[in-house]
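Letter by letter, the chains look like this.
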Amino acid sequence: MTEHESGDRVTLEPGVPCRRCEHCKRGDYHLCEEVTFMATPPDDGAFAEYVAWPADFAYTLPETVSTRAGALCEPLSVGIHAARRGSVGVGDSVLISGGGPIGLLAMEAVRAAGATEVVLSDVVEAKLALAAERGADRTIDVREENLSEAVAEHTDGRGVDVVIEASGAPRAIASTVDAVRRGGTVVLIGLPGDGEVPIDTLAVIDDEIDVHGSFRYKNTYGAAVDLLAEGAVDVEGIIDFETSLEGIETAFRRARDPENVKGMLSIGEH
Ligand SMILES: [Zn+2]
C-alpha cells in the first residue's frame, strides 16, 4: 500500500501496466502490452498543471532531492535498467555509446553499480566535453578516432566488459561487437531509424557475446530516488535550459539542437 500525503512532492513513473497479463504476472511489467504510457499516443503526457495517476506509480521525493532531479528519474531509470541488463558490476569497464541524456545517465548508473572505467563515445564535441566534465575516464570522438582501436588502447587490448549502445546510430550499433571483450555483454537501448542493422554475428558467436535489448525499465524508481538521496548519482548537470509551460514551443525547438542534452519544463510552483 502506497501512502502519500497532500503536499508531498512526487516523481511519476509514466508507464502503468495492466497488472493482469502474463508479463505483468511474471514481474516484467515493463513488457505489458496494455500499458498506459505517458506521451506515447494515444496516451496523454504530463505537460499540464494537474495529472491524476495511480498512487503506487508516484514516488515521494525526500527533502534532499530536488524536484528537477526527481523529474530526471525517468531517463535515469532507463540507465539503471540498461546497467542491470548488462549485469554491470564492481570493477567493470563500460563503453557508453552516445552522450545524450540516456547515455550520460547510464554513465551515472554504471558508476553507481561499481564500474571503474567508463569510456563514452559520440560525434558531438559539446557532448564529449560534458561527458569528460562528468567523469568519463576517456571520451572518443568517432568522427576522428577508430572506436575499436581507441577502446583497445584504453583497455590494454582487452575490450570493455560491457557496451551500452545509446545512440541508435547503425554504425555505432555495428561496432559494439568490436569494442566489447570476449565473453562480454552488449546492451542495446538506442533506437535506429530502421530496425535492420547489420552486425557481425560470427563475432557474437566466436567471442560468446551476450547481446541484450533494453526496453524502458521496471522496478527502478525506488532505486533512482535512493541513489539521488544518497548523492550516488548526479543528474541535474545534464540540464541545458529550463522554461515554463508557456515556453513549450521554444523548448521543443531548442531541444532539437544536437548540442543540447536536456531541456526542462517547470510547471507551477516548486
Ligand atoms: Zn500487463
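Details of the structure are given in the entry above.
Residues numbered from 1 in each chain as written. Predicted model: local features only at pLDDT ≥ 70, side-chain atom pairs only at ≥ 80, totals over all residues. Heavy atoms only, no water.

(A) Summary view of the overall build of the chain. Within the chain, the regular secondary structure consists of 10 helices and 12 strands. Taking the principal axes of the C-alpha coordinates as reference, the chain spans close to 55 × 40 × 35 Å. In the chain, which comprises 270 residues, the proportion classed as buried is 44%. The contacts of the chain with a sequence gap of at least 6 include a subset with a gap of at least 24, amounting to 64%. Of the roughly 14,200 Å² that the chain leaves accessible, carbon and sulfur atoms contribute 48%. (Helix = DSSP H or I, 4+ residues; strand = E, 2+ residues; numbered from the N terminus. Buried < 20%, exposed > 50% of the residue type's maximum accessible area, 1.4 Å probe, protein only. Contact = heavy atoms within 4.5 Å. Areas by Shrake-Rupley, 256 points an atom, 1.4 Å probe, with all protein chains shown as cover.)

(B) How the structure looks around the nonpolar core. With 44 residues, the main nonpolar core has Ile-96, Val-110 and Ile-164 as its most contacted residues. Those elements giving two or more residues to this core turn out to be α3 (73-85), β5 (93-97), α4 (101-112), β6 (117-122), α5 (125-133), β8 (160-165) and α9 (221-230). Both domain 1 (10-75 + 219-266) and domain 2 (87-213) contribute no fewer than three residues apiece to this core. (Core = buried A, V, L, I, M, F, W, Y, C linked by side-chain atoms within 4.5 Å. Domains from an automatic or database assignment.)

(C) A look at the coordination of the zinc ion. Cys-18 (SG), Cys-21 (SG), Cys-24 (SG) and Cys-32 (SG) make up the full set of protein donors to the zinc ion, lying at 2.3 to 2.4 Å. Written as a sequence motif, the donor arrangement for the zinc ion is C-x2-C-x2-C-x7-C. Of the two residues, Cys-21 sits in the loop between β2 (15-16) and α1 (22-26) while Cys-32 sits in the loop between α1 and β3 (36-37), which places them 11 residues apart along the sequence. A single burial state applies to Cys-21 and to Cys-32, both of which are buried. (Donors = N, O, S within 2.8 Å, 3.2 Å for Na, K, Ca; no water.)

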